[in-house]
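Fold and contact review
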Amino acid sequence: QVQLVQSGGGLVQTGGSLRLSCATSGRTFSFYTMAWFRQGLGKEREFVGAINWNDNTEYGDAAKGRSTIARDNAKKMIYLQMNSLKPEDTAVYYCALRLGGLNRSPREYSYWGQGTQVTVSS
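Residues numbered from 1 in each chain as written. Predicted model: local features only at pLDDT ≥ 70, side-chain atom pairs only at ≥ 80, totals over all residues. Heavy atoms only, no water.

1. Considerations on the overall build of the protein chain
Secondary structure assignment for the protein chain yields 0 helices and 11 strands. Counting from the amino terminus, the protein chain carries its helices and strands in the arrangement β-β-β-β-β-β-β-β-β-β-β. Relative to the 2.2 N^0.38 estimate, which gives 14 Å for 122 residues, the radius of gyration of the protein chain is 13 Å and therefore close to what a compact globule would have. With respect to the three principal axes, the spread of C-alpha positions in the protein chain is 40 × 25 × 25 Å. Within the protein chain, contacts between residues separated by at least 24 positions form 58% of all contacts whose residues are at least 6 apart in sequence. Summed over all atoms, the accessible surface of the protein chain reaches about 6400 Å², with 46% contributed by carbon and sulfur. If you average the places of the 14 positive and of the 9 negative side-chain charges in the protein chain, the two averages end up 5 Å apart. (Helix = DSSP H or I, 4+ residues; strand = E, 2+ residues; numbered from the N terminus. Rg over C-alpha atoms; globule rule 2.2 N^0.38 Å. Contact = heavy atoms within 4.5 Å. Areas by Shrake-Rupley, 256 points an atom, 1.4 Å probe, with all protein chains shown as cover. Lys, Arg positive; Asp, Glu negative; His and termini not counted. Charge placed at Lys NZ, Arg CZ, Asp CG, Glu CD.)

Next up, the structure:
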């Protein structure tokens, strides 16, 4: 079993930045990908970005150019840094894990964090 526990988030002003953390515990895997998704009110879950076991990254269109995903293997954590925030970035953000390579579909991820609300005020 794998547990993902998120921290960070909250209220941010337009133009500000957020840094979310996701701590992993439980089983470990050699070939896996960890990702960030978000879901706005009444919207589908959207791919933000992902990082695989080889530190390759991929970003969704909304996050590209202003987001960075990083991993600290020693602490078993991943991070999402997102800058130049806009009101449309308001959403619940989730970290997730899948066995295998980079993938943008939330259906391909088996393990999920509890979600954390990010609200960007205008």
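Moving on, there is more to tell.
2. Regarding the layout of surface pockets
Gaps left between atoms show up when a probe the size of a water molecule is rolled over them. Of the volumes computed, that of the largest pocket is approximately 200 Å³. Forming the boundary of the largest pocket are 15 residues, of which Thr24, Thr28, Tyr32, Met34 and Lys76 lie nearest the centre. Take the lining of the largest pocket: its biggest share by element is 3 residues, from strand E3 (residues 18–26). (1 Å grid on protein atoms, 1.4 Å probe; cavity = no way out; pocket = protein on both sides within 12 Å on 5 of 7 lines; lining within 4 Å. Points joined across faces, edges and corners; volume = space filled by probe spheres on them.)

3. Some thoughts on the state of the cysteines
What the rule picks out here adds up to 1 disulfide. Cys22 shares a disulfide with Cys95; S-S distance 2.1 Å. Looking down the S-S bond of the Cys22 and Cys95 bridge, the torsion is 60°, so its handedness is right-handed. Of this pair, Cys22 sits in strand E3 while Cys95 sits in strand E9 (residues 91–99); the two residues are 73 residues apart in sequence, bridging distant segments of the chain. The pair formed by Cys22 and Cys95 is uniform in burial state, with each residue classed as buried. (Disulfide = S-S within 2.5 Å. Buried < 20%, exposed > 50% of the residue type's maximum accessible area, 1.4 Å probe, protein only.)

4. As for the environment of Val118
Mapped onto the elements, Val118 comes out in strand E11 (residues 116–121). Along the backbone, Val118 and Val92 are 26 residues apart, and their C-alpha atoms lie at a distance of 6.0 Å. In this view, Val118 contacts Gly9, Gly10, Leu18, Leu20, Asp89, Thr90, Ala91 and Tyr93; residues no more than four positions away in its chain are not counted.

5. Some points on the confidence of the model for the protein chain
Scored by pLDDT, the protein chain comes out at a mean of 95, with 100% of its residues at no less than 70. At the low end of the mean pLDDT range in the protein chain sits strand E7 (residues 67–72), at 94; at the high end sits strand E10 (residues 111–112), at 98. (pLDDT = per-residue confidence, 0-100.)

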